[in-house]
Amino acid sequence: MKKGIYRHYKGNFYELVDVAKHSETEEEFVIYRPMYGEGALWIRPLIMFDEEVEHDGGTVKRFAFHADKK
């Protein structure tokens with residue numbers, strides 16, 4: 001996954017900080033932070049971050065790349 005700013009399908013923006021691997025399973029996780037509120041770090045399995053979801057009668061990316069971080 002490319003680091004940068006992503007738009008969630010519901011409209012908010014998030015910074016993808018990095019991708020990390022679980023020490024036991026080697027599953028990849030995305031480390032990200034909302035670009036609103038307190039800006040705490042969150043993690044989510046990469047497969048979920050990059051998946052497509054049903055929205056408004058169609059299929060869209062849960063998080064779509066928006067821009068490089070400045």
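Everything numeric in this text was worked out from a predicted model, so none of it was measured.

Here the focus is the environment of Phe63. You can see Phe63 is positioned in strand S7 (residues 63–67). For Phe63 and Asp18, which are 45 residues apart along the polypeptide, the C-alpha to C-alpha distance reads 14 Å. Contacts of Phe63, omitting those with residues within four sequence positions, involve Tyr6, Arg7, His8, Tyr14, Tyr32, Arg44 and Phe49.

Before going further, it helps to examine the environment of Leu41. Structurally, Leu41 is set in the loop between strand S3 (28–34) and strand S4 (42–45). Each C-alpha atom of the pair Leu41 and Gly11 lies 19 Å from the other, and the pair is 30 residues apart in sequence. Residues in contact with Leu41, not counting those within four places in the same chain, are Val17, Ile31, Tyr32 and Arg33.

Cut-offs applied
Residues numbered from 1 in each chain as written. Predicted model: local features only at pLDDT ≥ 70, side-chain atom pairs only at ≥ 80, totals over all residues. Heavy atoms only, no water. Helix = DSSP H or I, 4+ residues; strand = E, 2+ residues; numbered from the N terminus. Contact = heavy atoms within 4.5 Å.

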